[in-house]
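Examination of the molecular architecture
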There are 2 protein chains.
Amino acid sequence: MKRTLFVVVSLLLAVVALSACGGSGQKGSTPAAAAGLPADALAIATQRGLTPDDVSAALKTYLPSGKHDDYYLFMSGGHSGNVIVAGVPSMRILKNIAVFTPESWQGYGVGETDTERILDAGNVDGVKIRTGDTHHPALSETNGDYDGQFLFINDKANARVAVIDLRDFETKQIVKDPNIISNHGSTFVTPNTDYVVQGTQYATPLGWAYAPLSEYKEKYRGLITLWKFDRTKGRIIPEESFSIEVPPYWQDLCDAGKLASDGWGFCNSFNTEMAVGGNMQGQPNFEAGVSQRDMDYLHIFNWKKAEEVVKAGKTETINGMKVIRIPTAVEEGVLFFAPEPKSPHGADVTPDGKYIVVAGKLDPHVTIYSFDKIQKAIAAKNWTTDEFGVPVLNYDDVKLAQVELGLGPLHTQFDDKGFAYTSLFLDSALAKWKLGGDDPNAYQLVEKIPVQYNIGHISAAEGDTVSPDGNYLVALNKWAVDRFLPVGPLLPQNEQLIDISGGPMKVLYDMPMGVGEPHYAQMIKADKIKPWDIYPQVGWDPATQAPSKYATKLGEEKIVRDGSNVEVFMTSVRSHLTPDRVELKKGDHVKWHITNVETAKDATHGFQLGGQGVSLSIEPGETVSFEFDAAHDGTYAFYCTEFCSALHLEMMGYVTVEP
Amino acid sequence: MKRTLFVVVSLLLAVVALSACGGSGQKGSTPAAAAGLPADALAIATQRGLTPDDVSAALKTYLPSGKHDDYYLFMSGGHSGNVIVAGVPSMRILKNIAVFTPESWQGYGVGETDTERILDAGNVDGVKIRTGDTHHPALSETNGDYDGQFLFINDKANARVAVIDLRDFETKQIVKDPNIISNHGSTFVTPNTDYVVQGTQYATPLGWAYAPLSEYKEKYRGLITLWKFDRTKGRIIPEESFSIEVPPYWQDLCDAGKLASDGWGFCNSFNTEMAVGGNMQGQPNFEAGVSQRDMDYLHIFNWKKAEEVVKAGKTETINGMKVIRIPTAVEEGVLFFAPEPKSPHGADVTPDGKYIVVAGKLDPHVTIYSFDKIQKAIAAKNWTTDEFGVPVLNYDDVKLAQVELGLGPLHTQFDDKGFAYTSLFLDSALAKWKLGGDDPNAYQLVEKIPVQYNIGHISAAEGDTVSPDGNYLVALNKWAVDRFLPVGPLLPQNEQLIDISGGPMKVLYDMPMGVGEPHYAQMIKADKIKPWDIYPQVGWDPATQAPSKYATKLGEEKIVRDGSNVEVFMTSVRSHLTPDRVELKKGDHVKWHITNVETAKDATHGFQLGGQGVSLSIEPGETVSFEFDAAHDGTYAFYCTEFCSALHLEMMGYVTVEP
């Protein structure tokens, strides 16, 4: 009797909790209320010391309670190894997506079987790697436009690439390049996401082999790797991927051709000096050694041709990866160079695909190359060669224009009105300049505004696509110094939202970023992303995006013992876990599966078991697994770590381990 | 010659970079500009669909570029195991502080020797624990007021407490309670931070021993543990700490007495039913079993008396911790109970220390207890006892008043005008009510506003102190459902900033929190926190807050080989690491120290070495260490992971491991 009563009470509470969450919650103001200014607007502005510009910026960025932003901003987290998702223009952080580093809240790589396996696929030579340095996120594209289906991101520190599925915003795959140790010019995708491309940063002997630095030129190499992506499977297919060998210059940023230049790709490089450091052996520091030449090499590669070369079997397989060696690449017309000033950073293709903008870094210009001129120079075979036999086109044959912008040009984005925007690191400024088509004289600096401070990459709305939006640009500033409340010697960075909708550019919002070092970002129209609210069916395995073989239905929970192997099939629902007692013997090996049978949006349950270092997040419909050895006798508590209902604290159970 | 030239160029670039960061950066508007509204304010508001209330809220929360917030908000990250720091009223995130979980960006527990040691101190029975469930942050106090020096936080999942030093916002210590498995009523501090207190959540046999659930009443117990804090050392001293044994009711939230009630502490409890689950054995779920009684027990303990009892040696030492057993606690007048309705959550002491507010959770009231009445009841010895012999004061003797607020009262905070605020989970609402002093009839509900959705804890400005500020309150709402752009089945929570400065309460700002599940927060006046800009001297060890024995000066870098043991003493400065070549042999064991010799604010360098899973953050002046076995021959790159200068990409070096 009593039991029935309390079950009824619990259900009632759950119903009340649910009804409170039906999305019909009242807002501070009703949506139907007329727009207008409050009578005390001036008084508030005065009291808070807001200038008219501040008031404008406040109104342009404020997101009323319950309304949604216009854009998603996907930022790499830098050496936090993750991706951070924010809304624009509010600049509020919507989600952390764990990628190369474990994250306890979302139950990623903290004991959960599937995500540990995803991370382990990125281990290096058997060394467990649980860190990373995410750099350049790339949204999947269809016809050169973001399609909102997948996101790719690289780990520069270990030359890895990850695949994130935007149906559930979770990492599904990590692949490790078997031949290089660091990548930087990645990820970027070809216009239909046939390939996810990465370029080496620091050259090493292929296959992580040993070679002394005295043999740098002979044995160290870079690679441009084209990871084949299967959109249906949502996975990179390593067996269908390949690399193009390049000289041991340090390749930097890359971009894919599109429209006019579809089928081609472009990477900057520096250290064409092939400096090898040795600052304790009386040689120059790398920073000096790699900055000697006034010109480096823009790498121009024909990936459609490379695809044919691979199909024709003209590759060498190194550590399981097909590699087009340099002589083959040269012979087959896959690889060309063009001179570029000086240790440049960004190589960015204009929306129409006709021009490539190279930002000089140690040269105050952006240099604009014409793809048409490049094609003509190649056809004319008018080139010299570098030490590795790679054709070097004549600078004057391929360069269309230069615009002097200022100190430290790094990276360029585009808007919908024919303007380009380039970050200036040393100036701590953003430059706006006009694209000029085929007329070199029409390329003109328009305006510069200061940013705070040391700007790195920039991200404009749909700024990497064939049809940029304009409207907003985010400056990813590396130093914040005094901009925010002090938080000790390690400071946040400063993402500044800049109005580029027309008229003079204006900083609208300073967003401190103290949960990583965002390196680069992409901004996509909100309506292009269509995530799942809950998993498609109860008992879902997000690792395969298919029903789980461990799915457990309500009433079918069980504990199966086979000798010292114990398997637990558990369900979670507000507000209990079934079974709530797991009786083990010391020495048991335990496999434990939990199915969250909830079907209400946001009804996630978490799970931790004291003393076992396991943290799970079980979204509505999801089935997750973990395993452990009951190495010690004792009594342990497990519980739901999400505040899921009024009886959340009561959602627990005990594990007893008998000696 | 060439080398000199490039060093000069590099220095010049560094100087330019520095001068750009001198804090004199231009802002969107000059600070001297007059306040006022822009001419197009109404047009912007109309275009963006802002109501007058929205405009008010926008102006009240917008932080102009370069200005600072009024308050710091320290939020637990929940099962992300960390602490998140934001500014109020802008609600922008300033920093993630890694505590129980490794964090790659800040180089915490990702191979770095000192932070791995701090984390290892929290291991359990030899099991490496790298997760946690942070719940209740507590700022250190002086005379009952936040002093801005330290922050404490518990890990509910493993009964651990961490110490964070607010000079550098870094975790310095983790202690593990050796006798219990989960804590919840922690951390809270005594008014001068003599003790950091924690209460058990789920009872277990003391010392993590085994006992079947059939022996629950006999063998399972809770503890109230008082961790002694040494402010000078900035450390908890386990040898001077002690526990008070309590019955196997599940203790919940606690608070310390202050002013009138200084020397005392208060914890709620539930499961005074001593239910033991067994939902696959035909017994009620825990949620039903622990919710049967209409009244549970408010635990009232005299910690100053307990201190004397410990000094008198009337303790039993269990697993190295002094424990006052229940009979001693009873005999010595350390522990009393008072009935409280029903499975309550918050036990919150009013700013004057005279009253304790208990939020009923399964009862629609808050119940106000008078400390004076409690003292009189104790003096009169007018009590019954529970099954464990603990005195249970008469409810009517100690209860002063009740206020009916609504469904699911959870947690109460206070302002400077005599009002209290209580979260209502099931109502998804915030209640404001009037404190009435000694007059029971003066306690009155004033106002309720809806929040979105499922509110848990609340945090008012200085709301846990003897002198609350009012002004702002943050509602930590557990479900966001439809409030933000969708991000898959795992949704952010919703922190809502609420104006409590006077007049009707208003929601000012919705802050999605997608980097954890903030459980509780404390809000402190910004000028109380005085962090270091850089470490006090070059060669600093943050783990000891003293000079490091591995500090390395510029020009004194070295690599020392002793057989197969190799020790590297490296420096980092824009834009090189010295040495930039580390030549190893397979099988070497390597200890590697890096000193960041920078003294400019924000000149942090990061460090990753490909293939070794190490991530370091080296703030200006800091010396850090890591070690590894060169298990594989090969060629590896290391580099600075912070975008520290225009020549950041060039700040690298090679490790070669000869076969």
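One can find the structure itself at the top, above this paragraph.
Attention in this report is confined to the structure presented alongside it. (Residues numbered from 1 in each chain as written. Chains lettered and ligands numbered in written order. Predicted model: local features only at pLDDT ≥ 70, side-chain atom pairs only at ≥ 80, totals over all residues. Heavy atoms only, no water.)

Turning to the pairing of strand β41 (residues 589-596) of chain A, a few remarks are in order. Residues and elements named next belong to chain A. Most of β41 is tucked away, with six of its eight residues classed as buried. Taken together, the eight bridges between strand β38 (residues 565-573) and β41 define a ladder with parallel strand orientation. The partner of Glu-567 across the bridge, within β41, is Lys-591. Bridge count for β41 against strand β44 (residues 623-629) is seven bridges, and the pairing is antiparallel. Bridge assignment links Lys-591 to a residue of β44, and that residue is Glu-627. (Buried < 20%, exposed > 50% of the residue type's maximum accessible area, 1.4 Å probe, protein only. Helix = DSSP H or I, 4+ residues; strand = E, 2+ residues; numbered from the N terminus. Pairing = 2+ DSSP bridges.)

We now examine the packing of aromatic side chains. Scanning all chains against the criterion turns up 76 aromatic pairs over all chains. Taken together, a centroid distance of 5.7 Å and an interplanar angle of 50 degrees make the contact between Phe-336 of chain B and Trp-383 of chain B tilted. Of this pair, Phe-336 of chain B sits in strand β19 (residues 335-341) while Trp-383 of chain B is found in strand β23 (residues 383-385), placing the two residues 47 residues apart along the sequence. One aromatic cluster in this structure is built from Tyr-202, Tyr-216, Tyr-220, Trp-250, Phe-270 and Phe-286 of chain A together with Tyr-639 and Tyr-654 of chain B. Across the ring face of Phe-569 of chain A, the terminal group of Lys-558 of chain A is positioned such that the distance to the ring centre comes to 5.0 Å. Here Arg-92 of chain B stacks its cationic end above the ring of Tyr-62 of chain B, 5.7 Å away from the centre of that ring. (Phe/Tyr/Trp six-rings, centres within 6.5 Å; stacked < 30°, edge-to-face > 60°. Lys NZ or Arg CZ within 6 Å of the ring centre and 35° of its normal.)

Moving on: the relation of the copies chain A and chain B. Relative to chain B, chain A is turned by 180 degrees and slid 0.0 Å along the rotation axis, the superposed coordinates differing by an RMSD of 0.0 Å. Classification of the inter-copy transformation places it as that of a two-fold axis. Relative to the rotation axis, the closest C-alpha in chain A is found at Ala-58 of chain A, a distance of 2.9 Å. (Least-squares fit on C-alpha atoms with pLDDT ≥ 70 in both.)

Let us look at the state of the cysteines. Any covalent bond linking the sulfur atoms of two cysteines counts as a disulfide. Scanning all chains against the criterion turns up two disulfides over all chains. Paired by a disulfide, Cys-254 of chain A and Cys-267 of chain A hold their sulfur atoms 2.2 Å apart. Its S-S torsion of approximately 105 degrees makes the covalent link between Cys-254 of chain A and Cys-267 of chain A right-handed. Taken together, the positions of Cys-254 of chain A in strand β14 (residues 250-256) and Cys-267 of chain A in strand β15 (residues 264-270) put the pair 13 residues apart, joining distant regions of the chain. This pair shows no difference in class: Cys-254 of chain A is buried, exactly as Cys-267 of chain A is. Cys-640 of chain B supplies the cysteine sulfur nearest to Cys-644 of chain B, a cysteine that is in no disulfide, at a spacing of 3.9 Å. (Disulfide = S-S within 2.5 Å.)

Here we take up the sheet that holds strand β6 (residues 160-165) of chain A. Residue and element names in this part refer to chain A. Within the open sheet, the four strands sit side by side as β4-β5-β6-β7. Their pairing is antiparallel. With one partner strand each, in any of the chains shown, β4 (138-142) and β7 (170-176) form the two edges of the open sheet. Taking the axes of each pair of neighbouring strands and ignoring which way they run, one obtains an average angle of 30 degrees across the sheet. Relative to β6, strand β5 (residues 145-155) is paired through six bridges, and the arrangement is antiparallel. When the bridges of β6 are listed, Ile-153 appears paired with Ala-162. (Axes fitted to C-alpha atoms, helices over the stretch in contact; angles between N-to-C directions.)

This part is about the sheet that holds strand β27 (residues 419-424) of chain A. All names here are of chain A. Taken together, four strands build an open sheet; the order of strands is β26-β27-β28-β29 and the sheet is antiparallel. Edge strands, defined here as strands with exactly one partner in the open sheet, are β26 (409-414) and β29 (444-450). Neighbouring strand axes in the sheet, compared pairwise and without regard to direction, differ in orientation by 25 degrees on average. Strand direction decides the pairing type here: β27 and strand β28 (residues 429-434), joined by six bridges, are antiparallel. When the sheet's bridge partners are listed, Thr-422 is paired in β28 with Ala-431.

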